[in-house]
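Descriptive structure summary
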Amino acid sequence: MFAGETSQCPGCGKVVYFAEKVTSLGRNWHRPCLRCERCKKTLASGGHAEHEGRPYCHVPCYGYLFGPKGVNIGKAHQFITKKPEAHKKTKLNIFN
């Protein structure tokens, strides 16, 4: 983009002028329009995650929506497990 050229902001759809642009995800944004899709927190250019062309903050939104699932992460809840039982020694009676 050369000085004097404009583009549309993917956040609001309005014209982004050279002096006010923030480039991220291969497009030009207004600074306040570059926000996390989930929590709406303002993001820094290059300091965020992306999924299908949409910006997300790394923690917690991207991890919650698209990260691994398991104990205390993602959409899963904490699992309560039983304590493992002590191994019981048993005699093998091979003569019966």
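See the structure shown above.
Note that the structure is a prediction, hence the values are computed from the model and not measured.

The subject of this paragraph is the packing of aromatic side chains. On inspection of all chains with the given rule, the structure shows two aromatic pairs. Consider the rings of Tyr-56 and Phe-66, whose centres lie 5.3 Å apart with planes at 75 degrees: the pair is edge-to-face. Linking Tyr-56 in strand β6 (residues 54–56) with Phe-66 in helix α1 (residues 58–66), this pair joins segments that are 10 residues apart in sequence. Between Tyr-62 and Phe-66, the aromatic rings sit 5.4 Å apart at their centres with planes inclined by 50 degrees, giving tilted as the arrangement. You can see Tyr-62 and its partner Phe-66 sitting in helix α1, four residues apart, about one turn around the helix.

Remember that side chains alternate between the two faces of the sheet whenever the strand is regular. As defined by bridge partners, strand β3 (residues 21–24) adjoins strand β4 (residues 27–30) across four bridges and the pair is classed as antiparallel. Bridged to Thr-23 within β4 is Asn-28.

Our next topic: the nonpolar core. Cys-9, Val-16, Val-22, Trp-29, Leu-34, Cys-36, Leu-43, Tyr-56, Cys-57 and Cys-61 together form the largest nonpolar core, which totals 10 residues. Filtering out sequence-adjacent residues up to four positions away, Val-16 remains in contact with Thr-6, Ser-7, Gln-8, Cys-9, Lys-21, Asn-28, Trp-29 and His-30.

Per the counting criterion, the structure on display carries one salt bridge. With its nearest N and O atoms 3.6 Å apart, the salt bridge here joins Glu-37 to Arg-54. Separated by 17 residues along the polypeptide, Glu-37 in the loop between β4 and β5 (49–51) and Arg-54 in strand β6 bring together distant segments of the chain. In this structure Arg-54 comes out as partly exposed when scored by relative accessible area, which is 34%.

Each value, and the rule that gives it
Residues numbered from 1 in each chain as written. Predicted model: local features only at pLDDT ≥ 70, side-chain atom pairs only at ≥ 80, totals over all residues. Heavy atoms only, no water. Phe/Tyr/Trp six-rings, centres within 6.5 Å; stacked < 30°, edge-to-face > 60°. Helix = DSSP H or I, 4+ residues; strand = E, 2+ residues; numbered from the N terminus. Pairing = 2+ DSSP bridges. Core = buried A, V, L, I, M, F, W, Y, C linked by side-chain atoms within 4.5 Å. Buried < 20%, exposed > 50% of the residue type's maximum accessible area, 1.4 Å probe, protein only. Contact = heavy atoms within 4.5 Å. Salt bridge = Lys/Arg side-chain N within 4 Å of Asp/Glu carboxyl O.

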